[in-house]
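Understanding the architecture of this molecule
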Amino acid sequence: RRDEREVEEWRIEAKKRIAAVWNDPHVVILTEDEMHLSNQTTVQKIWLPKGEYPKIEITRKRDARSIYGFLNIKTGTEHAFKTRWQNMYITAEIIPEIRNLYPDKKILIVWDQASWHKGSEAQNAITQDGNIETIYFPAAAPEENPQEHVWKSGRSRITHNNFIQNIDTVTDEFVMYLNTAKFPYPLLGFSAKS
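Keep in mind it's a predicted model, so treat the numbers as computed, not measured.

Let us look at the overall build of the protein. Secondary structure assignment for the protein yields six helices and five strands. In sequence order, the protein lays out its α and β elements as α-β-β-β-α-β-α-α-β-α-α. For the protein, buried positions account for 44% of its 194 residues. Sequence-distant contacts in the protein: of pairs separated by 6 or more residues, those separated by 24 or more amount to 74%. Counting only carbon and sulfur atoms, one obtains 51% of the accessible surface of the protein, whose full area is about 11400 Å².

Here it is in structure tokens:
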């Protein structure tokens, strides 16, 4: 599905749109994505003394939560929201939450082409707000989205190599970490000042 020409054209056009508002203090630029967090144990490489083996606990009962994440590219501030799943109705509920964080600002959201972003309920929430614009990432180009790095940081810090006994407790911990750390990841060469 990935089209390199489409990705390159997107980079050129998106960079123009972002450059036009980058220095405007009345505009917030957010990159957005969702992640699925399950109680399935994920393992990363670790160092152990020779001859020792790790004990990996697993659960037979599967449970999961979703997290919506919005990264403010200008500040490196993350806004994460725990949900049961991802759909256009939940996306529509999250839009006013973002508006509450930036009541007097124009918001530019850069996100992927998921059906729950383009669905009628989500689009109605954006239209009703009246001061939100969107840019859609090109298909099959997750590396363009800085929010992907935020997920990686959170997983590395909170969930990898850990047995998840209670999905809600771990999801709350994950969200708290995201909402209190800074993530100065760039978008098309634009990034928060450190």
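Anyway, onward from the coordinates.
With that settled, consider the side chain of Thr-91. With respect to the element layout, Thr-91 can be found in helix α2 (residues 88–101). Ignoring anything within four residues of it in the chain, the contact list for Thr-91 reads Tyr-68, Trp-111, Trp-116, His-117 and Ala-122.

Membership of the largest hydrophobic core comes to 31 residues, with the highest contact counts inside it found for Trp-10, Ile-18, Ile-29, Ile-67, Phe-174, Leu-178 and Leu-187. Of all the elements in the fold, those that place two or more residues in this core are α1 (4–21), β1 (27–38), β2 (64–72), β4 (106–111), α5 (147–159) and α6 (167–180). Among all residues touching Leu-178, those that are not within four sequence positions of it are Glu-78, Ala-80, Val-150, Trp-151, Gly-154 and Phe-183.

With that settled, consider the side chain of Thr-31. As for its position among the elements, Thr-31 is in strand β1. A relative accessible area of 0% places Thr-31 in the buried class. Apart from residues no more than four positions distant in its own chain, Thr-31 is found in contact with Gly-69, Phe-70, Leu-71, Ile-73, Val-110, Phe-137, Asn-145, Pro-146, Gln-147 and Leu-187.

Next up on the list: unusual backbone geometry. Unlike most non-glycine residues, Ala-140 shows phi in positive territory, near 55°. By the element assignment, Ala-140 lies in the loop between β5 (132–136) and α5. Exposure remark for Ala-140: the relative accessible area of 37% places this residue in the partly exposed category. The residue Leu-188 is not glycine, and still its phi comes out positive at about 55°. Mapped onto the fold, Leu-188 is located in the segment after α6.

Moving on: the packing of aromatic side chains. Aromatic ring pairs are described here by two measures, namely the spacing of the ring centres and the angle between the planes. Tallied over the full model, the rule gives six aromatic pairs. Between Trp-10 and Phe-137 the ring centres are 5.2 Å apart and the planes differ by 40°, which places this aromatic pair in the tilted class. Of this pair, Trp-10 sits in helix α1 while Phe-137 sits in the loop between β5 and α5, placing them 127 residues apart in sequence. Exposure remark for Trp-10: the relative accessible area of 11% places this residue in the buried category. Residue class for Phe-137 comes out buried when judged on its relative accessible area of 3%. Linked through ring pairs, Tyr-177, Phe-183 and Tyr-185 together constitute an aromatic cluster. Its guanidinium or amino end placed over the ring of Tyr-136, Lys-118 lies 4.8 Å from that ring's centre, counting from NZ or CZ.

The next thing to look at is the sheet that holds β1. Read from one edge to the other, the open sheet built from five strands follows the order β3-β2-β1-β4-β5, with strand pairing classed as mixed. Only two strands of the sheet have a single neighbouring strand rather than two, namely β3 (78–83) and β5. Sheet twist, expressed as the mean angle between neighbouring strand axes with direction ignored, is 25°. With five bridges joining them, β1 and β4 adopt parallel strand pairing. The partner of Leu-30 across the bridge, within β4, is Ile-109. Against the sheet, α2 engages β1, β2, β3, β4 and β5, with an angle of about 145° to β3. Across the sheet, α6 touches β1, β2 and β3, and the angle it forms with β3 is around 165°.

The rules we used
Residues numbered from 1 in each chain as written. Predicted model: local features only at pLDDT ≥ 70, side-chain atom pairs only at ≥ 80, totals over all residues. Heavy atoms only, no water. Helix = DSSP H or I, 4+ residues; strand = E, 2+ residues; numbered from the N terminus. Buried < 20%, exposed > 50% of the residue type's maximum accessible area, 1.4 Å probe, protein only. Contact = heavy atoms within 4.5 Å. Areas by Shrake-Rupley, 256 points an atom, 1.4 Å probe, with all protein chains shown as cover. Core = buried A, V, L, I, M, F, W, Y, C linked by side-chain atoms within 4.5 Å. Phe/Tyr/Trp six-rings, centres within 6.5 Å; stacked < 30°, edge-to-face > 60°. Lys NZ or Arg CZ within 6 Å of the ring centre and 35° of its normal. Pairing = 2+ DSSP bridges. Axes fitted to C-alpha atoms, helices over the stretch in contact; angles between N-to-C directions.

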